[in-house]
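# Fold and geometry: a report
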Amino acid sequence: MTKKPHRNGRGLFLGALLGAVAGALLGRLAGSALFGAILGAVIGAAVLYRVNPGPWNRD
């Protein structure tokens, strides 16, 4: 049986949410909160979707 990749839908949502908040705060300092929030959401979602392994009891 092949091993499943470490991907998680909850990580996708949490990454988008946290990335949007952090990006909005950093974007506000740089001049555009909306652009920072969008960019932060995309990057945060991509990172946590791939990194967060999800539950330990996967089959």
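This text goes with the structure placed above it.
Here is a short report on the structure shown in this document. Counting from 1, residues in each chain are numbered in the order their sequence is written. A pLDDT threshold of at least 70 governs which residues receive local features in this predicted model, and a stricter bar of 80 or more applies before side-chain atom pairs are shown or counted, although totals over entire chains, interfaces and linings include all residues. Calculated side-chain values reflect all of the structure's heavy atoms, with hydrogen atoms and water omitted.

### A look at helix α1 (residues 9–30)
Runs of H or I in DSSP of at least four residues are treated as helices and runs of E of at least two as strands, each being numbered from the N terminus. A helix is expected to reach a length of 1.5 Å times the quantity of its residues less one. Helix length check: α1 (22 residues) gives 31 Å between terminal C-alpha atoms against 32 Å at 1.5 Å per residue, within 8%. Under the scheme applied here, a residue whose accessible area is under 20% of the maximum for its type counts as buried, over 50% as exposed, and between as partly exposed, the area being computed with a 1.4 Å probe on protein chains only. For α1, every residue scored as buried is listed here: G11, G15, G19, G23 and G27. Down the axis of α1, the smallest arc covering the buried residues is 100 degrees, so these residues share one side. Facing away from the buried surface of α1 by more than 90 degrees, the exposed residues are R10, F13, L18, L25 and R28. Buried positions along α1 lie against α2 (33–51). Looking one or two places after α1, you find G31, whose phi comes out positive at around 125 degrees. In this description, the arc belongs to the directions extending from the helix axis to the C-beta atoms. The contact definition used throughout considers only heavy atoms, calling two residues in contact when any of these lie within 4.5 Å.

### Focus: α2
A turn of α-helix holds 3.6 residues, and therefore any two residues three or four places apart point the same way. With 19 residues, α2 should reach 27 Å at 1.5 Å per residue; the first-to-last C-alpha distance of 26 Å fits that figure. Among all positions in α2, only G36, A37, G40, A41, G44 and A45 are buried. All buried residues of α2 fall inside an arc of 150 degrees around its axis, so they share one side. Set apart from the buried face of α2 by more than 90 degrees, the exposed residues are F35, I38 and V42.

### Brief notes about a nonpolar patch on the surface
Patch membership requires over 30% relative accessible area and the absence of a salt bridge. Like charges are linked within 9 Å, and nonpolar side chains (Val, Leu, Ile, Met, Phe, Trp, Tyr) within 5 Å. In short, Shrake-Rupley with a 1.4 Å probe defines the accessible areas, and a residue's cover is counted only from the protein chains shown. Any Lys or Arg side-chain nitrogen located within 4 Å of an Asp or Glu carboxyl oxygen qualifies as a salt bridge. Residues F35, L39, I43, V47 and V51 make up a contiguous nonpolar surface patch of about 490 Å² in total accessible area. For F35, a relative accessible area of 56% translates into the label exposed.

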